[in-house]
Amino acid sequence: MPRTSNRLDRISDQLKKELACLIREELRDPRLGMVSVIDAKVSRDLSHADIFFTVLGADSSEAAVALNHAAGYLRT
């Protein structure tokens, strides 16, 4: 099993913080509710990331649709 580096952990933490801030301050979609970014898993070559989140006060499937719709904005 490959050992994850400290650099990947730092990048994952930073990505998690930045996404949480963007979702909270920039997105104005009523389907979101209160979204918490729980974890970010970054691939070894930094080309792909899996983001895990939870939702309070709204339907999680609607929030997932809203976040997928805003994915292009969040990537930039």
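For the structure given in this document, a descriptive report is provided here. (Residues numbered from 1 in each chain as written. Predicted model: local features only at pLDDT ≥ 70, side-chain atom pairs only at ≥ 80, totals over all residues. Heavy atoms only, no water.)

### Side note on the pattern of salt bridges
Then step 1. Considering all chains together, one arrives at three salt bridges under this definition.
Then step 2. A salt bridge links E25 to R24, with the shortest nitrogen-to-oxygen separation between them at 3.4 Å.
Then step 3. For R24, a relative accessible area of 57% corresponds to the exposed category.
Then step 4. D39 serves as the salt-bridge partner of K41, at 3.3 Å between the closest nitrogen and oxygen.
Then step 5. Relative accessible area serves as the criterion here: at 26%, D39 is assigned to the partly exposed category. (Salt bridge = Lys/Arg side-chain N within 4 Å of Asp/Glu carboxyl O. Buried < 20%, exposed > 50% of the residue type's maximum accessible area, 1.4 Å probe, protein only.)

### A word on the nonpolar core
Then step 1. Counting residues in hydrophobic clusters, the biggest one holds eleven residues: L19, I23, L27, L32, V37, V55, A63, A66, L67, A70 and L74.
Then step 2. Secondary-structure elements contributing two or more residues to this core are α1 (6-25) and α2 (60-69).
Then step 3. At three residues, α2 tops the list of elements feeding residues into this core.
Then step 4. For L74, the residues in contact, after removing those within four places along its chain, are L19, L22, I23, L27 and L67. (Core = buried A, V, L, I, M, F, W, Y, C linked by side-chain atoms within 4.5 Å. Helix = DSSP H or I, 4+ residues; strand = E, 2+ residues; numbered from the N terminus. Contact = heavy atoms within 4.5 Å.)

### Structural notes on the side chain of S12
Then step 1. Secondary-structure assignment places S12 in helix α1.
Then step 2. Judged by its relative accessible area of 11%, S12 is buried.
Then step 3. Separated by 2.9 Å, the side chain of S12 and the backbone oxygen of L8 make a polar contact.
Then step 4. Apart from the residues within four sequence positions on either side, S12 is in contact with A40 and V42. (Polar contact = N/O pair within 3.5 Å; in protein donor to acceptor, adjacent residues only side chain to side chain.)

### Remarks on the pairing of strand β1 (residues 34-42)
Then step 1. Bridge count between β1 and strand β2 (residues 49-56): eight bridges; the pairing is antiparallel. Looking across to β2, one finds that D39 is bridged to F52.
Then step 2. Adjacent in sequence and paired antiparallel, β1 and β2 are bridged by six residues, among which L46 carries a positive phi angle near 65 degrees. (Pairing = 2+ DSSP bridges.)

### Observations regarding α2
Then step 1. Among all positions of α2, only A63, A66 and L67 are buried. Buried residues along α2 cover an arc of 95 degrees about the axis, so they all sit on one side. Pointing more than 90 degrees away from the buried face of α2 are the exposed residues N68 and H69. (Arc of directions from axis to C-beta.)

Function cannot be read off these values alone, since they describe shape.
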